[in-house]
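For reference, the chains in residue letters:
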Amino acid sequence: MAHLADDVLRFVRATGPRPDELLEEMDAYAEENGFPHVGPEVGGFLQLTARLSGARSIFEFGSGYGYSAYWFAEALPENGEIVLTEVDEGELEMAREYLARGGYDELASYELGDALDTIERYDGPFDAVLIDHQKERYVEALEAVRGKLAPGAVVIADNAMSAEDVVVFEDLLAHVEGQSVEMNEGTRGIADYLDAVRSDPAFETQVLPLGEGIAVSRFEGKADNTEALGSRR
Ligand SMILES: C[S@@+](CC[C@H](N)C(=O)[O-])C[C@H]1O[C@@H](n2cnc3c(N)ncnc32)[C@H](O)[C@@H]1O
């Protein structure tokens, strides 16, 4: 479900970072196959966010065929890294091919399997994180990565407002406005995620109506994390 009016969406796309030819090819693949990638306006925002925060190290929960990772990769420095995680081998292989064609293979690690297992094998610190896997497991992902965030890191959760029939916008709206409402599993997952990140004083969060909604959270970097992560910056 798009949350912007058609003309506003066209305006946002026309003024955002330009997708290159490969991204256009990847967009066409999503269109033809009904794949729920983040789309160009969120992709452009991911890239800008990575640049604004000077991100060097990025982790994705749920990478699909590499579309969001490709947008991120364009903003990484030569010594940067992005960890892609995916349970579907075929999709991860496509991601590897697209990123190699774009010249980003050296920056990428391709991790097949549950992202919640993969994150255990990485220490971080991560400067940017995308959460875009099972909606009912977003809180788990946040908890797993929280101690591995660099001070000033940005965590972006996709589908913060809707996801086809998995996340119901009207129910989420009722929830954030304080009403008690029955929710399906996916909607409950997003509601719990928004509650968790908004009630954690280490994060400052704004939901933006790009794509199916993204929750953008900046991690302040409290003493407990700064100590655990050492003094990289
Ligand atoms: C919405 S798609 C990701 C799209 C991608 N971020 C993009 O915009 O191009 C969600 C992906 O997460 C994968 N996935 C689901 N559960 C996962 C898990 N526990 N660990 C890793 N990947 C998972 C799915 O196979 C699917 O490809």
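See the structure above.
Trainee: Looking at this model, I keep getting lost on the sheet that holds strand 3 (residues 108–112). Mind explaining?
Mentor: The strands making up a sheet associate through backbone hydrogen bonding, with each pair oriented either parallel or antiparallel. Here we have 7 strands laid out as an open sheet, ordered 3-2-1-4-5-7-6, and mixed in their pairing. The two strands at the open ends of the sheet, each matched to only one other strand, are strand 3 and strand 6 (203–208). Here the average twist between neighbouring strands, direction ignored, is 15°. With 5 bridges joining them, strand 5 (residues 149–158) and strand 7 (residues 214–219) adopt antiparallel strand pairing. In the strand pairing of strand 7, Ile 156 is matched with Val 216. Of the strands in this sheet, strand 1 (57–61), strand 4 (126–131), strand 5, strand 6 and strand 7 touch helix 3 (residues 40–52), which is tilted by about 180° from strand 5. Its contacts with the sheet put helix 9 (residues 185–199) on strand 4, strand 5, strand 6 and strand 7, and the angle it makes with strand 6 is roughly 140°.

Trainee: Whenever I open this one, the pattern of salt bridges confuses me. Can you help?
Mentor: Note that side chains of opposite charge can pair when their charged atoms are close. Evaluation of the coordinates by the stated rule reveals 10 salt bridges. Salt-bridge contacts for Arg 137 lead to Asp 114; the nearest nitrogen and oxygen are separated by 3.0 Å. With Arg 137 in the loop between strand 4 and helix 7 (138–146) and Asp 114 in the loop between strand 3 and helix 6 (115–118), this pair connects stretches of sequence that are 23 residues apart. The buried category is assigned to Arg 137, whose relative accessible area is 17%. Residue Asp 114 is classed as partly exposed on the basis of its relative accessible area, which comes to 24%.

Trainee: So what exactly am I meant to see when it comes to the packing of aromatic side chains here?
Mentor: For any pair of aromatic rings, the description consists of the separation of the ring centres together with the inter-plane angle of the planes. Within the structure shown, the criterion is met by 11 aromatic pairs. With a centroid separation of 5.0 Å and 85° between ring planes, the pair formed by Phe 35 and Tyr 65 is classed as edge-to-face. Placement of the pair is Phe 35 in the loop between helix 2 (21–33) and helix 3 and Tyr 65 in the loop between strand 1 and helix 4 (67–73), with a sequence separation of 30 residues. Residues Phe 59 and Tyr 122 carry aromatic rings whose centres are separated by 6.1 Å and whose planes lie at 70° to one another, so their mutual orientation is edge-to-face. With Phe 59 in strand 1 and Tyr 122 in the loop between helix 6 and strand 4, the pair connects residues that are 63 residues apart, well separated along the chain. Tyr 122 matches Phe 59 in its accessibility class, with the two residues each being buried.

Trainee: Looking at this structure, I do not really get the site of the ligand. What am I missing?
Mentor: Taken together, 20 residues lie near the ligand, and Glu 86, Glu 91, Ala 115, Asp 132 and Gln 134 sit nearest. Taking Ser 68, its side chain carries an N or O atom lying 2.9 Å from a nitrogen atom of the ligand. Contacts to the ligand include Ala 115, whose backbone N or O atom sits 2.9 Å from a nitrogen atom. Protein contact buries 89% of the 600 Å² of open area that the ligand shows by itself. Here the residues of the shell around the ligand are counted per class, giving 7 nonpolar, 8 polar and 5 charged.

The rules behind the values
Residues numbered from 1 in each chain as written. Predicted model: local features only at pLDDT ≥ 70, side-chain atom pairs only at ≥ 80, totals over all residues. Heavy atoms only, no water. Pairing = 2+ DSSP bridges. Helix = DSSP H or I, 4+ residues; strand = E, 2+ residues; numbered from the N terminus. Axes fitted to C-alpha atoms, helices over the stretch in contact; angles between N-to-C directions. Contact = heavy atoms within 4.5 Å. Salt bridge = Lys/Arg side-chain N within 4 Å of Asp/Glu carboxyl O. Buried < 20%, exposed > 50% of the residue type's maximum accessible area, 1.4 Å probe, protein only. Phe/Tyr/Trp six-rings, centres within 6.5 Å; stacked < 30°, edge-to-face > 60°. Near = heavy atom within 4 Å. Polar contact = N/O pair within 3.5 Å; in protein donor to acceptor, adjacent residues only side chain to side chain. Areas by Shrake-Rupley, 256 points an atom, 1.4 Å probe, with all protein chains shown as cover. Nonpolar A, V, L, I, M, F, W, Y, C, P; charged D, E, K, R; others polar.

None of the figures reported here should be taken as evidence of function without further support.
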